[in-house]
Amino acid sequence: MTDVVTAVVWLAGSGFALLAAVGVLRMPDVFTRMQASTKASTLGLGCLLIGTAIQLGDFPAFIRAASIGAFVLLTTPVSGLVIARASYFAGVALWKGTVLDERQAVVESDRATPDAG
Amino acid sequence: MLPLVSQITLTTLGVALLIALIRLIKGPTLPDRIVAMDLLGMLVVGLIVVLAGWSGVRATLDAAIVIALVGFLGTVAYATYLERGAPR
């Protein structure tokens with residue numbers, strides 16, 4: 001029973017990791033690539049950690065797996081935000097099919113009404 | 001059953017590592033390479049976690065914790081370097 005649950009969760013986790021890598025290779029833009037990388041790698045690593053914790057099945061292994069999971073869940077959004085911010089302000093070109101750039105809209109409205117602030 | 005599943009999982013993670021490595025080599029700008037490097041760190045952590053679960057050696061999970069920490073700090077350091085005006 002333990003082996004079956006571990007097998008299912010490990011296969012799901014490695015599938016998510018492979019999807020993240022394919023997304024990073026195939027997406028057209030830094031920002032879309034980062035979206036694929038952060039979401040799917042968090043989910044894949046979470047699945048792999050659950051499988052390992054079930055397979056080892058004792059308290060120290062569970063605590064270590066939970067601490068890795070908590071750390072990754074805390075730091076992945078932060079690193080995604082930092083990369084996105086840095087690459088936007090460094091002037092990396094957005095994909096030509098992008099429909100909304102809210103920061104650019106704010107800059108243009110400031111330029112249209114210079115007395116506002 | 002578990003050795004077979006472990007081998008399939010490790011092979012899939014290795015293929016994912018190779019695909020991320022292609023993006024790391026190709027990546028037209030520096031942020032692309034930073035994203036690929038971040039993903040490589042996550043995939044290595046997953047590889048070590050699966051190896052720990054397969055072999056039953058608990059001490060390998062500590063190495064996974066350390067790699068996750070160093071990968072996060074490296075990503076933040078690269079982004080700070082980019083924001084201070086690195087050559088792209």
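Residues numbered from 1 in each chain as written. Chains lettered and ligands numbered in written order. Predicted model: local features only at pLDDT ≥ 70, side-chain atom pairs only at ≥ 80, totals over all residues.

A.B. asks: Hey, could you go over the overall build of chain B for me, with residue numbers and the actual values?
C.D. replies: A tally of regular secondary structure across chain B gives 3 helices and 0 strands. When the elements of chain B are put in sequence order from the N terminus, they spell out α-α-α. For chain B, the C-alpha atoms occupy an extent of roughly 50 × 25 × 10 Å along the three principal directions. For chain B, buried positions account for 44% of its 88 residues. Put simply, 46% of the contacts in chain B that link residues at least 6 apart link residues at least 24 apart. (Helix = DSSP H or I, 4+ residues; strand = E, 2+ residues; numbered from the N terminus. Buried ≥ 20, exposed ≤ 12 C-beta atoms within 10 Å, placed from the backbone. Contact = placed C-beta atoms within 7 Å.)

A.B. asks: Talk me through the interface of chain A and chain B; I want residue IDs and the actual numbers.
C.D. replies: Taken together, the contact between chain A and chain B spans 45 residues of the former and 42 residues of the latter. Looking at the side of chain A that touches chain B, the elements with two or more residues in it are α1 (2–26), α2 (30–56) and α3 (59–89) of chain A. Partitioning the side of chain A that touches chain B into residue classes produces 28 nonpolar, 14 polar and 3 charged. (Nonpolar A, V, L, I, M, F, W, Y, C, P; charged D, E, K, R; others polar.)

A.B. asks: Run through α1 of chain A, naming residues and quoting values.
C.D. replies: The terminal C-alpha atoms of α1 of chain A, which comprises 25 residues, lie 36 Å apart, in line with the 36 Å expected from a rise of 1.5 Å per residue. Buried residues along α1 of chain A sit against α2 of chain A together with α1 (2–26) and α2 (30–55) of chain B. (Expected span 1.5 Å × (residues − 1).)

A.B. asks: I'd like a description of α2 of chain A, backed by residues and values.
C.D. replies: Relative to the 39 Å expected for 27 residues at 1.5 Å per residue, α2 of chain A spans 38 Å between its end C-alpha atoms, a close match to the ideal helical length. Following α2 of chain A by one or two positions, glycine 57 of chain A adopts a phi angle in the positive range, close to 70°.

A.B. asks: Tell me about the environment of alanine 64 of chain B, and name the residues and values.
C.D. replies: Relative to the helices and strands, alanine 64 of chain B resides in helix α3 (residues 60–83). Once the C-alpha coordinates of alanine 64 of chain B and glycine 46 of chain B are considered, the two residues, 18 residues apart in sequence, prove to be 8.0 Å apart. Beyond its immediate sequence surroundings of up to four residues, alanine 64 of chain B is in contact with Ile68 of chain A together with Val45, Ile48 and Val49 of chain B.

A.B. asks: So what's going on with the nonpolar core? Residues and values would help.
C.D. replies: Within the largest apolar cluster, 52 residues are counted, with the highest numbers of intra-cluster contacts made by Ala21 of chain A together with Ala20, Leu39, Leu43 and Val49 of chain B. When residues of this core are traced back to their parent elements, those giving at least two are α1, α2 and α3 of chain A together with α1, α2 and α3 of chain B. Looking at this core element by element, the count peaks at 15 residues for α2 of chain B. If near-sequence neighbours (up to four positions away) are discounted, leucine 43 of chain B is found in contact with Ala17 of chain A together with Leu13, Ala16, Leu17 and Ala20 of chain B. (Core = buried A, V, L, I, M, F, W, Y, C linked by C-beta atoms within 7 Å.)

A.B. asks: Go over the confidence of the model for chain B, please, and point to the residues and values.
C.D. replies: Mean pLDDT over chain B stands at 90; residues scoring 70 or higher make up 97%. Note on the complex model: pTM 0.88, ipTM 0.88. (pLDDT = per-residue confidence, 0-100.)

A.B. asks: Got a sec to walk through the packing of α2 of chain A against α3 of chain A? Specific residues and values, please.
C.D. replies: All names here are of chain A. Axis separation between α2 and α3 bottoms out at 9 Å; the angle between their running directions is 175°. Classified by the angle between their axes, α2 and α3 sit roughly antiparallel to one another. Between α2, through Val30, Phe31, Met34, Thr38, Thr42, Leu45, Gly46, Leu49, Thr52, Ala53 and Leu56, and α3, the contact on the second element is made entirely by Ala61, Phe62, Ala65, Ile68, Gly69, Val72, Leu73, Thr76, Gly80, Ile83, Ala84 and Ser87. Tallied by class, residues from the contact of α2 with α3 come to 15 nonpolar, 8 polar and no charged. (Axes fitted to C-alpha atoms, helices over the stretch in contact; angles between N-to-C directions. Parallel < 35°, antiparallel > 145°, perpendicular 65-115°, else oblique.)

A.B. asks: Would you mind going over the packing of α1 of chain A against α2 of chain A in detail, with residue names and values included?
C.D. replies: A pair of packed helices can be characterised by two numbers: the angle between their axes and the separation between those axes. Residues and elements named next belong to chain A. The N-to-C vectors of α1 and α2 enclose an angle of 165°; their axes lie 8 Å apart at closest approach. Taken together, the axis directions place α1 and α2 in an arrangement best described as roughly antiparallel. Here α1 and α2 pass one another in a crossing that is left-handed. Of the residues assigned to the contact of α1 with α2, the class counts are 16 nonpolar, 10 polar and 1 charged. (Left-handed = near helix turned anticlockwise from the far one by under 90°.)

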